[in-house]
Amino acid sequence: MAPILNIDNLSFHYGNSAEPVFAGLNLRIEKGEFVAVVGGSGVGKSTLLKCVADLADSSAGSIFLDIPERRSCRRRATVFQDGRLLPWKRLKHNIAYGLKGLDLKREEREARIAEVLSLTRLSELADRWPHQLSGGQVQRAGIARALAVHPELLLMDEPFSAVDAITRQHLQDELLRIWEKTGAAVMFITHDIEEAVYLADRVVVLSGTPAHLALDQEVALPRPRGRNAEDLQQLAHAIAQEL
Amino acid sequence: MNREPKLSLWARSPLGRAVLGFTGLVLFVAGWKLAQVTGWAQAGTIPDPFLLPQTLEDEWSTGRLLPAILSSLVHYVWGLGLGTFLGFLIGAVTASSHWADALHAWLARILRPIPPLAWVVFAIAWFKVSHAGAAFVIAIGVFWVNYFATWSAVRNVEPKYYELARAFGQQGHLNQALNVTLPASAPGILAGMRTGIGQAWMTLIAAELLGVPGMGQEMNAAAGVGAYEAVVIYMLIISLVYTLSDTLFARIEKRVLQWRPS
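All values derive from a computational prediction rather than experimental measurement. In this numbering scheme, every chain counts its residues from 1 along its sequence in written order. The lettering of chains begins at A and the numbering of ligands begins at 1, in the order of writing. Under the rules for a predicted model, residues below a pLDDT of 70 receive no local features and side-chain atom pairs below 80 are neither given nor counted, while totals for whole chains, interfaces and linings still include all residues.

J.: Teacher, can you tell me more about the overall build of chain B here?
T.: Numbered from the N terminus, helices here are DSSP runs of H or I no shorter than four residues, and strands are runs of E no shorter than two. Helices and strands together make up the secondary structure of chain B, namely eleven helices and zero strands. Seen in sequence order, chain B has helices and strands lined up from the N terminus as α-α-α-α-α-α-α-α-α-α-α. The C-alpha radius of gyration computed for chain B amounts to 24 Å, which surpasses the reference 18 Å derived for 262 residues by more than 25%, pointing to a less compact arrangement than a globule. Its C-alpha atoms put chain B at 75 × 70 × 30 Å along the principal axes. Our exposure labels follow a C-beta count within 10 Å of each residue's own C-beta, placed from the backbone: buried means 20 or more other C-beta atoms, exposed means 12 or fewer, and partly exposed covers the counts in between. In chain B, which comprises 262 residues, the share counted as buried stands at 28%. The contact rule is simple: place each C-beta atom from the backbone, and if two of them lie within 7 Å, those residues are in contact. Residue pairs in contact within chain B that sit at least 24 positions apart in sequence constitute 73% of those at least 6 positions apart. Two things to know: the radius of gyration comes from C-alpha atoms, and the globule rule equals 2.2 Å times the number of residues to the power 0.38.

J.: What am I meant to see in the overall build of chain A here?
T.: Across its full length, chain A carries seven helices and nine strands. Computed over its C-alpha atoms, the radius of gyration of chain A comes to 18 Å, within 12% of the 18 Å expected for a compact globule of 243 residues. Principal-axis analysis of the C-alpha atoms gives chain A an extent of 50 × 40 × 35 Å. Out of the 243 residues belonging to chain A, those deemed buried represent 41%. Within chain A, contacts between residues at least 6 apart in sequence are counted, and of these 73% link residues at least 24 apart.

J.: Even after reading the chapter, I still don't get the environment of E174 of chain A, so can you show me in this structure?
T.: Within the element layout of this structure, E174 of chain A appears in helix α5 (residues 165-182). Considered as a pair, E174 of chain A and A184 of chain A are ten residues apart in the sequence and their alpha carbons are 14 Å apart.

J.: Please clarify how the interface of chain A and chain B should be interpreted in this entry.
T.: For interface size, the figure often reported is the accessible area lost on association. Facing 14 residues of chain A, the contacting portion of chain B comprises 13 residues. Class assignment of the residues belonging to the side of chain A that touches chain B gives a composition of seven nonpolar, four polar and three charged. As a working rule, the residues Ala, Val, Leu, Ile, Met, Phe, Trp, Tyr, Cys and Pro are called nonpolar, Asp, Glu, Lys and Arg charged, and the rest polar, with Gly in that last group.

J.: Could you clarify how one ought to interpret the confidence of the model for chain B in this entry?
T.: Low-confidence regions, as indicated by low pLDDT, have predicted coordinates that should not be scrutinised in detail. Residues and elements named next belong to chain B. Each residue carries a pLDDT score, the predictor's own confidence in it, on a scale running from 0 to 100. When pLDDT is averaged across chain B, the result is 92; 99% of the residues are at 70 or more. When mean pLDDT is taken per element in chain B, helix α8 (residues 159-167) scores highest with 97 and helix α1 (residues 6-10) scores lowest with 85. Model confidence for the complex: the whole-complex pTM is 0.88, and ipTM, which rates the interface, is 0.94.

J.: Got a minute to help me understand the sheet that holds strand β5 (residues 76-79) of chain A in this structure?
T.: Hydrogen bonds between backbone atoms are what pair the strands of a sheet, whose relative direction is either parallel or antiparallel. Residues and elements named next belong to chain A. Reading across from one edge, β5-β6-β7-β3-β8-β9 is the order of the six strands in this open sheet, with mixed pairing throughout. The open sheet has two edge strands, β5 and β9 (212-218), and neither has a second partner. Between one strand axis and the next, the sheet turns by 15 degrees as a mean value, whatever way the strands run. Following DSSP output, two strands are said to pair if at least two bridges run between them. Pairing of strand β3 (residues 34-38) with strand β7 (residues 185-190) involves five bridges; the strand directions are parallel. Bridging from a neighbouring strand, V37 pairs with I189 of β7. Against the sheet, helix α4 (residues 135-148) makes contact with β5 and β6 (153-157), and its axis sits at roughly 175 degrees relative to β5, the strand it touches most. Where helices are involved, their axes are fitted lines through C-alpha atoms of the stretch in contact, as for all axes, and angles between N-to-C directions lie from 0 to 180°.

J.: Teacher, can you tell me more about the nonpolar core here?
T.: In a soluble, globular protein the nonpolar side chains are often hidden away together inside. In terms of nonpolar packing, the biggest core is built from 73 residues, with V35, V37, L154, M187, F188, A200 and V203 of chain A touching the most fellow members. A total of seven residues in this core trace back to one element, the largest contributor, which is α4 of chain A. Apart from residues no more than four positions distant in its own chain, M187 of chain A is found in contact with I29, V35, V37, L49, V52, L153, L155 and M156 of chain A. Grouped together as the second largest cluster of nonpolar side chains are 31 residues, A92, I138, Y147 and V212 of chain B included. Nonpolar cores are identified as sets of buried Ala, Val, Leu, Ile, Met, Phe, Trp, Tyr and Cys residues joined via C-beta atoms within 7 Å.

J.: Help me out: how do you make sense of the UniProt feature "transmembrane region" (unreviewed entry) in chain B in this one?
T.: Residues and elements named next belong to chain B. UniProt positions are given in the numbering used here, feature names are shortened, and annotations may be inferred rather than shown by experiment. According to UniProt, the "transmembrane region" (unreviewed entry) feature falls on residues 65-96, 117-145 and 225-245. As annotated, residues 117-145 has a helix share of 79% and a strand share of 0%, and its two end C-alpha atoms lie 15 Å apart. Regarding residues 225-245, the helix share stands at 86% and the strand share at 0%, and the terminal C-alpha atoms are separated by 31 Å.

J.: What's the story with the pairing of strand β8 (residues 202-207) of chain A in this structure? I'm lost.
T.: Successive side chains on a regular strand alternate, one facing one side of the sheet and the next facing the other. All names here are of chain A. In the sheet, β3 pairs with β8 via four bridges, with the strands oriented parallel. Residue pairing for β8: A36 is matched across the bridge by V203. Pairing of β8 with β9, which is carried by six bridges, proceeds in the antiparallel orientation. Each residue of the ladder has a partner; that of V203, found in β9, is Q217.

J.: Any chance you could explain the UniProt feature "domain: ABC transmembrane type-1" (unreviewed entry) in chain B here in plain terms?
T.: In the numbering used here, UniProt assigns the "domain: ABC transmembrane type-1" (unreviewed entry) feature to residues 69-246 of chain B. Structurally, residues 69-246 of chain B comprises 84% helix and 0% strand, and the distance from its first C-alpha atom to its last is 17 Å.

J.: Help me understand the environment of V157 of chain B in this model?
T.: Residues and elements named next belong to chain B. Along the chain, V157 turns up in the loop between α7 (131-155) and α8. Measuring from C-alpha to C-alpha, the distance between V157 and A186 comes to 10.0 Å, with 29 residues separating the pair along the chain. Dropping the residues within four chain positions of it, V157 is found in contact with V180, T181, A184 and S185.

J.: Could you clarify how one ought to interpret the sheet that holds strand β2 (residues 22-30) of chain A in this entry?
T.: All names here are of chain A. The sheet built from three strands is open, its strands ordered β2-β1-β4 with antiparallel pairing. With partners counted over all chains shown, the strands left at the sheet margins are β2 and β4 (60-65), one partner each. Taking the axes of each pair of neighbouring strands and ignoring which way they run, one obtains an average angle of 10 degrees across the sheet. Taken strand by strand, helix α1 (residues 45-52) contacts β1 (3-12), β2 and β4, and its axis lies near 120 degrees from that of β1.

J.: Where do I start with the environment of F127 of chain B in this structure?
T.: Residue and element names in this part refer to chain B. Within the secondary structure, F127 sits in helix α6 (residues 120-127). A residue is classified by how many C-beta atoms lie within 10 Å of it, and F127, with 16 of them, is partly exposed. Distance in space between the C-alpha atoms of F127 and L7 is 59 Å, their sequence separation being 120 residues. Once residues lying within four places of it in the same chain are set aside, the contact partners of F127 are A132, G133 and F136.

J.: Looking at this model, I keep getting lost on α8 of chain B. Mind explaining?
T.: For the α-helix, the turn length of 3.6 residues means that residues three or four positions removed from each other point alike. Residues of α8 of chain B that are buried: L164, A165 and A167 of chain B. For α8 of chain B, the buried positions fall inside an angular range of 165 degrees around the axis, keeping them on one side. Tucked into the core, α8 of chain B has its buried residues touching β5 of chain A together with α9 (173-208) of chain B. Positioned one or two residues after α8 of chain B, G169 of chain B has a phi angle of 65 degrees, which is positive. Directions drawn from the helix axis to the C-beta atoms are what define this arc.

J.: So what exactly am I meant to see when it comes to the packing of helix α3 (residues 52-61) of chain B against helix α11 (residues 228-256) of chain B here?
T.: Think of two packed helices as two axes; the pair is described by the angle between the axes and how far apart they sit. Residues and elements named next belong to chain B. Between α3 and α11, the least distance of the axes is 9 Å, while the angle of their chain directions is 80 degrees. Taken together, the axes of α3 and α11 lie roughly perpendicular to each other. Residue-level contacts link L52, T55, L56 and E59 of α3 to E229, A230, V232 and I233 of α11. Along the lines of polarity and charge, the residues of the contact of α3 with α11 split into five nonpolar, one polar and two charged. Between 65 and 115 degrees an angle is taken as roughly perpendicular, under 35 as roughly parallel, over 145 as roughly antiparallel, and anywhere else as oblique.

Encoded structure:
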């Protein structure tokens, strides 16, 4: 299969610094694949995601998205760590935010919103203001907003790191369910190796200064996976050695 | 267990607060009356509080009160409206464009410290003694309040919201202005508008002292003949109209900002 994302020899450094954050990165993501990127703080995981999301400019190298431009979809969509709902829009209007400018009829728009609301189990809360939502609901809303534009590549920047442990497990399982339903590829940034191994088809490790791809590990465990299964724990432990 | 004394609890209850508030008012008027009858204050310089209702009726029946209020309201509405609109507009434009910001920065620094009343000279030169002159002076004071509030509110919109707009392909200027900049800066802009409502009253009376018909002029005329009761009546009416407009605006503000946690 051809990759839908091909990152080739990518480097990034901040304007005022000579030392790059990461350098010579190569990464491919196949259609529908779930790839987790792990690494300690400061290795540039989030920066890498921002480069792919076109929210930051890399210093050298290239990012190629092999996703056709369609007028009713966006090629990629981002889920932020802080959820980042617009506080002045009700939930349903937040979810509709990315749809403006797409070639959709009114009914199609409404259908999209209803679809992702139900997919993320938020239908009952459509008219709430963001401050009336819990941390987990905010994250689900962020996912719903991203899914509404029907992306082929979902970019997730530590989306569950700010919620409590129990909510995190729920959200992880919901994400897997949604991922299987939509078939979108996922690039998932996290510092939690167990989370990466539990969710992903492949785990890549960023480490060093400047950071490079220290490991590209396939997770060949059958789904659904058990969080406490021995093979999962062993794999997580092995990956942790690379950090 | 509640160990607070009963009286202190009562003072915080709505009824307690109302009774105490009224008592404070009565005490103030009593002290005022005392100062007047005992000759503690020089005779003729302090109005008799008990004459105020009669004075209000006189001002009303001689047909001075209502035209003065209406005339002042004309100055107020025009001055406030123009000052608010221009302050908001120029504040928003200069905060959004580096070009406009640099272009106006020195000018603003020079003009901003000039008190609105210093412009009275030019108000007379350009508009003579007219409604437009009074409105002009009021507008200047209101302009700076709104300009500054809008400028800093727009400047302080969190960059993460612009990043979100970019991530979801919503970068059009108008789109961003309406969906991000304006709502994000609305709390600051509205706070400035509310300050302007008060500021406008303060300059209003001073602007009218130059002779434009209105409450300021009536106050000046009454003071000239020692009719201090009438002066107090106008002061109280100013207080009333300000309270009404501020309350009305607070309601609008609350409705516009209903998305904020209360």
